[in-house]
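Below are the chains, spelled out letter by letter.
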Amino acid sequence: MRKTWQLQEAKNQFSLVVDKALSEGPQTVTRHGQPAVVVVSVAEYRKTRSRRKSLLELFEPLRGLELEIERDRSLPRDPGL
């Protein structure tokens, strides 16, 4: 269950790095001892790149509810600067 690879080793065993990313999860590749990139499956990538909802979509579940929303009319507080 390897998760970190040195760049040269990852290049030499790229198929194995890909197989491990598919079966075990993200694989980190280091360059000069520092994390450089992460190899992930397409499914894992798509989870992180999910489309953000628009404001309209975010409030869609509230459609049809009879909400009474009142504005706070108090004066803003003094920031004390």
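Residues numbered from 1 in each chain as written. Predicted model: local features only at pLDDT ≥ 70, side-chain atom pairs only at ≥ 80, totals over all residues. Heavy atoms only, no water.

1. What about unusual backbone geometry?
Test applied: Every helix listed is a DSSP run of H or I at least four residues long, and every strand listed is a run of E at least two residues long, numbered separately from the N terminus. Note on classification: 1.4 Å probe, protein chains only; a residue is buried when its accessible area is under 20% of the maximum for its type, exposed when over 50%, partly exposed between these limits.
Here His-32, not a glycine, exhibits a phi torsion of approximately 55°, which is positive. Turning to its location among the elements, His-32 is positioned in the loop between strand 2 (27-31) and strand 3 (34-39). Its relative accessible area of 78% is what places His-32 among the exposed residues.

2. Here we look at helix 2 (residues 14-24)
Counted only if it meets this: As used here, the arc is the angular range of directions from the helix axis to the C-beta atoms. Note on contacts: a residue pair qualifies if any of its non-hydrogen atoms lie within 4.5 Å across the two residues.
Taken together, the buried positions of helix 2 are occupied by Val-17, Lys-20 and Ala-21. All buried residues of helix 2 fall inside an arc of 100° around its axis, so they share one side. Of the exposed residues in helix 2, the ones pointing more than 90 degrees away from its buried face are Ser-15, Leu-22 and Ser-23. Turning to helix 2, the residues buried within the fold contact strand 1 (4-6), helix 1 (7-12), strand 2 and strand 3. Among the residues trailing helix 2, Gly-25 stands out with phi positive, at a value near 115°.

3. Comments concerning the side chain of Thr-30
With respect to the helices and strands, Thr-30 occurs in strand 2. When its relative accessible area of 12% is taken as the criterion, Thr-30 is described as buried.

4. Quick look at the environment of Val-38
By secondary structure assignment, the location of Val-38 is in strand 3. Residues Val-38 and Asp-78, 40 residues apart in the sequence, show an inter-C-alpha distance of 48 Å.

5. What about the pairing of strand 3?
Put simply, the rule reads: Here, strands pair whenever DSSP counts at least two bridges between them.
Bridge count for strand 2 against strand 3 is five bridges, and the pairing is antiparallel. Counterpart to Thr-30 in the pairing with strand 3 is Pro-35. Linkage of strand 2 to strand 3, two consecutive antiparallel strands, is achieved through a turn of two residues, within which His-32 is found at a positive phi near 55°.

6. A look at the sheet that holds strand 2
The criterion, for reference: Note on geometry: axes are lines fitted to C-alpha atoms, helical ones only across the stretch in contact, with angles between N-to-C directions running from 0 to 180 degrees.
Taken in spatial order, the three strands of this open sheet run 1-2-3, and their pairing is mixed. A strand with exactly one partner marks an edge of an open sheet, and here the two such strands are strand 1 and strand 3. Ignoring which end each strand starts from, the neighbouring axes of this sheet average 35° apart. Sheet topology places strand 1 next to strand 2; three bridges connect them, and they run parallel. Looking at strand 2, one finds that Gln-6 is bridged to Thr-30.

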